[in-house]
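Each chain, written out:
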Amino acid sequence: PENSSEEAQPSKFQIGPNPNLGAGDLRFTLAEETEVTVRAYDVEGRQVASLLDGARLLPGIHKLGLDTRKWRPGLYFFSFTAGRERKTQKLVIVQ
């Protein structure tokens, strides 16, 4: 089957649009059922949001809405953990 090669790949994690004007989304693909945590941090390392906290999710494509209208303009880091995988993405908030 075509999906078998996709399932063997590591998780994908994307944030868009970047730069962000107030609304966007996070998209990620899971190869297997696993616990997922997504958190956002400002440039000083303070956690500003916890979008998922150990949620057990099924394999496939997932999308989370992101509302940054109340966030200050600047650079933010999103930490994505899926099982043993960890990834970080930068996001710039502009007004």
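Up top you'll find the structure we're talking about.
If you're wondering where the values come from, they're calculated on a predicted model, not measured in any experiment.

A. View of the sheet that holds strand 1 (residues 12-16). Ordered in space as 1-2-5, the 3 strands form an open sheet in which the pairing is antiparallel. Strand pairing shows two members of the sheet lacking a second neighbour, strand 1 and strand 5 (60-67), which therefore form its edges. With strand direction ignored, the average angle separating the axes of adjacent strands in the sheet is 15°. Pairing of strand 2 (residues 23-30) with strand 5 involves 8 bridges; the strand directions are antiparallel. In the sheet register, D25 faces strand 5, and the bridge partner there is G65.

B. Representation of the packing of aromatic side chains. By the definition in use, this model includes 4 aromatic pairs. Note on F13 and F80: the rings are 4.6 Å apart at their centroids and 10° apart in plane angle, and the pair reads as stacked. Of the two residues, F13 is situated in strand 1 and F80 in strand 6 (residues 74-82); the sequence distance between them amounts to 67 residues. Overall, the relative accessible area of 5% leaves F13 in the buried class. Owing to a relative accessible area of 0%, F80 belongs among the buried residues under this scheme.

C. How the structure looks around the sheet that holds strand 4 (residues 47-57). Strand order in the open sheet formed by 4 strands is 4-3-6-7, with antiparallel pairing between adjacent strands. One side of each edge strand has no neighbouring strand; the edge strands of this open sheet are strand 4 and strand 7 (85-93). Taken pair by pair, the neighbouring strands of this sheet meet at an average axis angle of 15°, ignoring direction.

D. Representation of a nonpolar patch on the surface in the model. A cluster of nonpolar residues, V43, L75 and V92, forms a patch on the protein surface that exposes about 220 Å² of accessible area. On the secondary structure map, L75 appears in strand 6.

So, how was this worked out
Residues numbered from 1 in each chain as written. Predicted model: local features only at pLDDT ≥ 70, side-chain atom pairs only at ≥ 80, totals over all residues. Heavy atoms only, no water. Pairing = 2+ DSSP bridges. Helix = DSSP H or I, 4+ residues; strand = E, 2+ residues; numbered from the N terminus. Axes fitted to C-alpha atoms, helices over the stretch in contact; angles between N-to-C directions. Phe/Tyr/Trp six-rings, centres within 6.5 Å; stacked < 30°, edge-to-face > 60°. Buried < 20%, exposed > 50% of the residue type's maximum accessible area, 1.4 Å probe, protein only. Patch = residues over 30% accessible without salt bridge, like charges linked within 9 Å, V, L, I, M, F, W, Y side chains within 5 Å. Areas by Shrake-Rupley, 256 points an atom, 1.4 Å probe, with all protein chains shown as cover. Salt bridge = Lys/Arg side-chain N within 4 Å of Asp/Glu carboxyl O.

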